[in-house]
Amino acid sequence: MQTHDIRKRFLDHFIKAGHTEVPSASLLLDDPNLLFVNAGMVPFKPYFLGEQTPPYSRATSVQKCVRTLDIDEVGITTRHNTFFQMAGNFAFGDYFKREAINFAWTLLTNSVEDGGYGIDPQKLWPTVYLDDDEAEAIWRDEIGVPAERIQRRGLKDNYWSMGVPGPCGPCSEIFYDRGPEYGIEGGPEADEDRYIEIWNLVFMQNVRGPGGGKDNYEILGPLPKKNIDTGMGVERVACILQGVDNVYETDLLKPIIDLAAELTGRAYGAGSHADDVRFRVIADHARTSAMLIGDGVLPGNDGRGYVLRRLLRRVVRSMRLLGAGDNQATMGAIIGKVIDLMAPSYPELETERTHIVDVAVGEETSFAKTLAAGSKLFADAATATKKSSSTTITGADAFTLHDTYGFPIDLTLEMAAEAGLSVDQEGFTALMAEQKQRAKADATARKTGHADLSVYRDFLDRGPTEFTGFDELVSEARVLGLVADGARVPVATAGQELTLVLDRTPLYAESGGQMADVGTITTGSGVRLSVTDVQKVGKSVWLHKVRVDEGEIEEGDEVLAAVDTAWRHGATQGHSGTHMVHAALREVLGPGATQAGSLNRPGYLRFDFNARGPVTESQRREIEEIANAAVEANYQVNTFETGLTEAKAMGAMALFGENYGDVVRVVEIGGPFSMELCGGTHVVSSSQIGPITLIGESSVGSGVRRVEAYVGMDSFRFLSKERALLAGLASSLKVPSEEVPGRVEQLVTKLRDAEKELARVRAEQAQTAVSGLLDTATTIGSTLVVEGRVPGLDANGLRSVVTDLRGRVADRQAVIAIFSPNGEGPDAKVPFVIATTAAARDAGIKAGDLVKEVAPLVGGRGGGKPDLAQGSGTEPGGVDAALSRIREFVG
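Residues numbered from 1 in each chain as written. Predicted model: local features only at pLDDT ≥ 70, side-chain atom pairs only at ≥ 80, totals over all residues. Heavy atoms only, no water.

(A) Fine view of the nonpolar core. Within the largest apolar cluster, 111 residues are counted, with the highest numbers of intra-cluster contacts made by Tyr117, Trp139, Ile174, Ile198, Trp199, Met232 and Ile335. Apart from residues lying up to four places away in sequence, Tyr117 is in contact with Met1, Ile6, Arg9, Phe10, Leu107, Leu108, Asn110, Val112, Met232, Val237 and Leu241. Grouped together as the second largest cluster of nonpolar side chains are 29 residues, Val581, Ala593, Val637 and Cys678 included. (Core = buried A, V, L, I, M, F, W, Y, C linked by side-chain atoms within 4.5 Å. Buried < 20%, exposed > 50% of the residue type's maximum accessible area, 1.4 Å probe, protein only. Contact = heavy atoms within 4.5 Å.)

(B) Structural context of the sheet that holds strand S25 (residues 637–643). Judged by pairing direction, the sheet is antiparallel, and its three strands sit side by side in the order S25-S26-S27 without closing on themselves. Of all the strands in the sheet, just S25 and strand S27 (674–677) have a single pairing partner and so form its edges. Averaged over neighbouring strand pairs, the angle between their axes works out to 25° when direction is ignored. Pairing between strand S26 (residues 663–669) and S27: four bridges, direction antiparallel. Considered in S27, the bridge of Ile669 is made with Ser674. (Pairing = 2+ DSSP bridges. Helix = DSSP H or I, 4+ residues; strand = E, 2+ residues; numbered from the N terminus. Axes fitted to C-alpha atoms, helices over the stretch in contact; angles between N-to-C directions.)

(C) Here's a closer look at the pairing of strand S22 (residues 558–563). One ladder, built from five bridges, connects strand S13 (residues 474–484) with S22; its direction is antiparallel. Looking at the pairing, Arg478 lines up with Glu558 of S22.

(D) Region of the structure containing unusual backbone geometry. With phi around 60°, Ser389 is a residue other than glycine that occupies positive phi space. Structurally, Ser389 can be placed in the loop between helix H12 (353–387) and strand S10 (392–393). Even without glycine at this site, Asp485 takes up a positive phi of about 55°. Examined against the element boundaries, Asp485 turns out to sit in the loop between S13 and strand S14 (487–489).

(E) Region of interest: the packing of aromatic side chains. Summed over the entire model, instances satisfying the criterion amount to 28 aromatic pairs. Here the aromatic rings of Tyr456 and Phe459 are separated by 6.3 Å at their centres, their planes lie at 45°, and the arrangement is tilted. Overall, Tyr456 belongs to the buried group, its relative accessible area being 11%. The buried category is assigned to Phe459, whose relative accessible area is 3%. Relative to Trp542, the ring of Phe467 lies with its centre 5.7 Å away and its plane at 15°, an arrangement referred to as stacked. Of this pair, Phe467 sits in strand S12 (residues 466–467) while Trp542 sits in strand S20 (residues 541–550), and the two are 75 residues apart along the sequence. An identical accessibility class is assigned to Phe467 and Trp542; each is buried. Here Arg178 stacks its cationic end above the ring of Tyr182, 3.9 Å away from the centre of that ring. Here Arg208 stacks its cationic end above the ring of Tyr217, 4.0 Å away from the centre of that ring. (Phe/Tyr/Trp six-rings, centres within 6.5 Å; stacked < 30°, edge-to-face > 60°. Lys NZ or Arg CZ within 6 Å of the ring centre and 35° of its normal.)

(F) How the structure looks around empty space enclosed by the protein. In this structure the tally under the stated criterion is two cavities of 30 Å³ or more. Each pocket or cavity is described by its volume, and for the second largest cavity that value is around 40 Å³. Residue lining of the second largest cavity: Val615, Arg620, Ile623, Leu694, Gly696, Glu697 and Val707, and that is the complete set. Put simply, the parts of the chain that give the lining of the second largest cavity at least two residues each are helix H18 (617–632) and strand S28 (692–701). Ranked by residue count, the leading element in the lining of the second largest cavity is S28, at three residues. (1 Å grid on protein atoms, 1.4 Å probe; cavity = no way out; pocket = protein on both sides within 12 Å on 5 of 7 lines; lining within 4 Å. Points joined across faces, edges and corners; volume = space filled by probe spheres on them.)

This is the structure:
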């Protein structure tokens, strides 16, 4: 049975049982605890936590998941994967243990003709929590599983929580017996390689307290409502139903391995464990990378971008180690195969094929340069190792190559062997372990996103804040609660800063790239509060950050909440301007210029978008002209709500990283000119945006560019300032404004010519001075000392002069020391360079030692190698003492 069919049968089974099908959420849900969605229940967390009211009582989904904690283990065994699909069914205060167990059992064991998977019931072993008599009785008495095939396990194995205070409960896992060839008998307790877990049924019925690990916490009591959260591993079931040994041999991964074998000329399963590991890394990481890029991740140096970069580079590295040539581009073919295989279940991959492949190929090209640089760094480390009479490259050097420069450890090992060296793998592993521990500690520290929500639980239970800001800027409201220092307070007085919760508000809470409104909250009795920020909790309750300016505010007070009108006007200009610039970008650069992030505030917008390269000056002018033409056209701005599917069919663009519900808000400007899903505030017609002026274009990461712009009066002020600057230049140059660029270019050319001539004269003067230095050189003992001052040289010039002098006396035991004092007073600089010949070094005279001796005498510091070293100071008066010290050192 093919994997796509396994997914479909799962969904059909639960839809038939009254569940609402929920499409897979993005891998990038806004969750402070997670880098990526790593479990099927993550999109439903707001419902389990009571932050939002679910729109259905039972649901089913097949969720895309990524787990990256064990990246280094992928391929070494066949059990680790970074990307996987988790099929699940969920109930929110609806059915519980009996129904969940029956739903799972019937799907697994029903015949293929009846829509099931046709698994032999004798192969299935359930486990239950230690004291869960109810679940065991259901398995034994209702399902008919013999008691000897039901095992009880402890808190660590059969009790589930999210790792933070909140919902938890016992679980019942279903294991499949793969047979004696995979291990010993005795059920999951005896061998989890033979007995493989395929389904976990979580009976969410309790609340847990704080604590770490899987079993170091207290169970505080029951939940108000019992919930069901289950997860079936699609890939593991595919292994069983396709009769293969592991997930890498299933229909969605084996073709990637086959292609890699074709491209490299190596064979999978031919007896080389190292090769097999590399093939598995390619298949796993390529699939994960394609899914991440499809959901908006781009290679970068931190966070999600760093994970993607690491995955892609491990693919490239593995292909090279399997025999792909240094100049053989393979990523396009590999990622293309992934899209072919996964698109039937995730059609958006086909839609974004060009973008996904381009990003992956771009990283392949970038990594080729990194490998070239890493090879040089390795060569330096190897040379230093041999000079120290060692045959082992230190773990620290290997770790630096890996962590700082992205140079893979297995390439370091391979190159070390070729150079007749080994690598301190234990030292490297220890440093990697320290890094992993820091990463785990950081991940644990991040798991606080839901811990502080208890103070807002009452507000979340009451339902969402009514946002009135689309229709009015002043609204009557009632104070539902005051929160200060993480706790509810009954009253707040003048001078206090706190958080205020209202039943309704016109003030926009920051989201979708639009900054929050500012404004005031007042009462009829003269109480006044300044609103400095507005945020959301649980995506439904508005939290007003306020300062009490006058009077005293209490819970239950009737108030007037008002938006600062000037702020809102500027904010709507910025947000609508962002839509205009986005539309213009797509018109000029093509549909691939999709949004990758944005920020807008009054008078200003910043827009990040996917692009293959920089925006040219002519493209920038065209984008600006198209956007402003749309402003001048005075398009009406229309907003309406519709279904998500209908909105996408109409061509509405979705915002990067947003998680949309079934009903969405569409903002349409000028009919087809701009149509986006957006929950922000906007102008009434495009002319209210005012002029749009692009002020910058830059790179913010691999494949991502950023434009910045002013709108409205800020745009006018910027242009006015630019005009004044141009007028000033025209006046100084005594030419009309339109001739300023040409006149400036002439001046720049003259300046460059003058600088070249000055450099030539200085070089001639330095050459003359150099010849004189040889004439005045002195011999101290057996050492020739060539020293003196050559003003007007920078560090590069000094090195050139000193190297030239050393070449002239290379057959002597000689030291060359040249200082170039420049300037006076606080601007004085004294660069200097010292070199030694081979005979001088054999006599124990090293340039680096000399620099350390003389640098303090000129008020500076320096360093270098035995043959050449340099430094710089700020005290020209110390040059005589420095030269004297050199003579003493040599003598």
